[in-house]
Amino acid sequence: MSQKIQKNMEFTNRIELTELQTAVTSIKEEIGKVVVGQQATVEYILTALLADGHILLEGVPGVAKTLMAKVLAKTIDVSFGRIQFTPDLMPADVLGTSLYNSKNTEFEFKQGPVFANIVLVDEINRAPAKTQSALFEVMEERQVTVDGTTYPMSEPFLILATQNPVEHEGTYRLPEAQLDRFLFKLNIGYPSDIEEIEILKGHHVRNRQVEAINAIRAVVDAERLAAIRNIVTQVHVGDNLFDYIVKIVATTRSHPSLFLGASPRASVALLNSCKALAALRGRDFITPDDVQELAYPVLRHRIMLTPEREMEGATADEVIKLILEKTEVPR
């Protein structure tokens, strides 16, 4: 064990993590009643929840993207909204609109479905750029401005968006400015054979999935979530890890395989998510391993390959791996 890790371990128990661990365990248990497998994805979703960041879930149809979002919302005693994105969806369908009230002869603002604590945006890439722009302000500033009036969102506020990577007809590429507002992009794959057998057995016993979802109980409320998020902010970060994060993100801006590098928002996202993951795993300090692990979900949607590398079949994750291998790890 390196001297730096030993030094970091001196900070263990400096922050009381019992309440956070209890809450996270309870949420995992409830999600596990319906969602089979996907342990890593669930852990990353909870990491984003603790880090107060939005999540983009990408996977082929039928791998439980929407299910995970709905079940997570059920475990937290807050309001839940769902928006099904379609090509004809308008910004007002997301944010809301002002309607004329003939009784008092005044216009009144009717809130749209985005006014909820947890918002599921299903098939987010099916709406055009005009509708996507409706999410820019609310995702970053946690507020909506309509007709010159600003309406703040209540805390917590989390957007869970899903998209299908294989079907391109009737879909639109998400603007880079919007992708940058997602803390994580998580790729969800197929379950293993054993996990799929468990899925079949669950459907055989329950017959209807909605019954299992309705049986999920809320184990955390908004006040408790705010308290454990406050614990995450106190996680220790060594000076050398600040430097490590910046070096990784800065390299994306000059890498020959990349046309677009990550912004400073990516550095902040990597820092906050590492603190959340460390706390979730029972540590009150982050390590280089946390940074290396979370560099993929934090950066993969924030960088853009050059046309040449795309034609060669390279992926964002492959470039991130190269950057991590060439960046000196703090000792």
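Note: the structure precedes this text.
Quick summary incoming for the structure in this document.

## Remarks on the environment of Gly112
Alright, step 1. Along the chain, Gly112 falls in the loop between strand S5 (106-111) and strand S6 (118-122).
Alright, step 2. The class of Gly112 is buried, set by a relative accessible area of 11%.
Alright, step 3. Sequence separation of Gly112 and Leu95 is 17 residues, and the distance between their C-alpha atoms is 4.5 Å.
Alright, step 4. Leave out the neighbours within four places in its chain, and Gly112 touches Val94, Leu95 and Gly96.

## Quick look at the sheet that holds strand S1 (residues 54-58)
Alright, step 1. Across the sheet, five strands lie side by side as S3-S6-S9-S1-S10; this open sheet has parallel pairing. In this open sheet, the two strands that pair with only one neighbour each are strand S3 (80-84) and strand S10 (182-187). Each neighbouring strand pair of the sheet contributes to a mean axis angle of 15°, computed without reference to strand direction.
Alright, step 2. Here four bridges tie S1 to strand S9 (residues 158-163), and the two strands are oriented parallel to one another. The residue bridging Glu58 from the neighbouring strand is Gln163, located in S9.

## Overview of unusual backbone geometry
Most peptide bonds are trans, and most residues other than glycine sit at a negative phi.
Alright, step 1. With an omega of -5°, the peptide bond between Glu155 and Pro156 qualifies as cis.
Alright, step 2. Within the element layout of this structure, Pro156 appears in the loop between strand S8 (149-152) and S9.
Alright, step 3. A positive phi angle, close to 55°, is found at Arg142, a residue other than glycine.
Alright, step 4. As for its position among the elements, Arg142 is in the loop between helix H7 (134-141) and strand S7 (143-146).
Alright, step 5. Owing to a relative accessible area of 15%, Arg142 belongs among the buried residues under this scheme.

## Points about the environment of Leu241
Alright, step 1. Along the chain, the position of Leu241 falls in helix H12 (residues 239-252).
Alright, step 2. A residue is classified by how much of its surface remains accessible, and Leu241, at 2% relative accessible area, is buried.
Alright, step 3. Considering only alpha carbons, one finds Leu241 and Arg331, 90 residues apart in sequence, at a separation of 9.8 Å.
Alright, step 4. When sequence neighbours within four positions are dropped, the list of residues in contact with Leu241 reads Ile286, Thr287, Pro288 and Pro330.

Cut-offs and rules
Each chain has its residues counted from 1, running along the sequence as written. Local features in this predicted model are restricted to residues whose pLDDT is 70 or higher, and side-chain atom pairs enter the listing and the counts only when it is 80 or higher, whereas totals over whole chains, interfaces and linings include all residues. With hydrogens and water set aside, each side-chain value is computed from the structure's full complement of heavy atoms. Put simply, DSSP H or I for four residues or longer makes a helix, DSSP E for two residues or longer makes a strand, and each gets a number counted from the N terminus. Buried residues are those whose accessible area, probed at 1.4 Å on protein chains only, stays under 20% of the maximum for their type, while exposed residues exceed 50% and partly exposed ones sit between those limits. The contact criterion used throughout is that any non-hydrogen atoms of two residues lie within 4.5 Å. Between any two strands, pairing holds if DSSP finds at least two bridges. To obtain each axis, a line is fitted to C-alpha atoms, and for helices this fit is confined to the stretch in contact; angles are then taken between N-to-C directions over 0 to 180 degrees.

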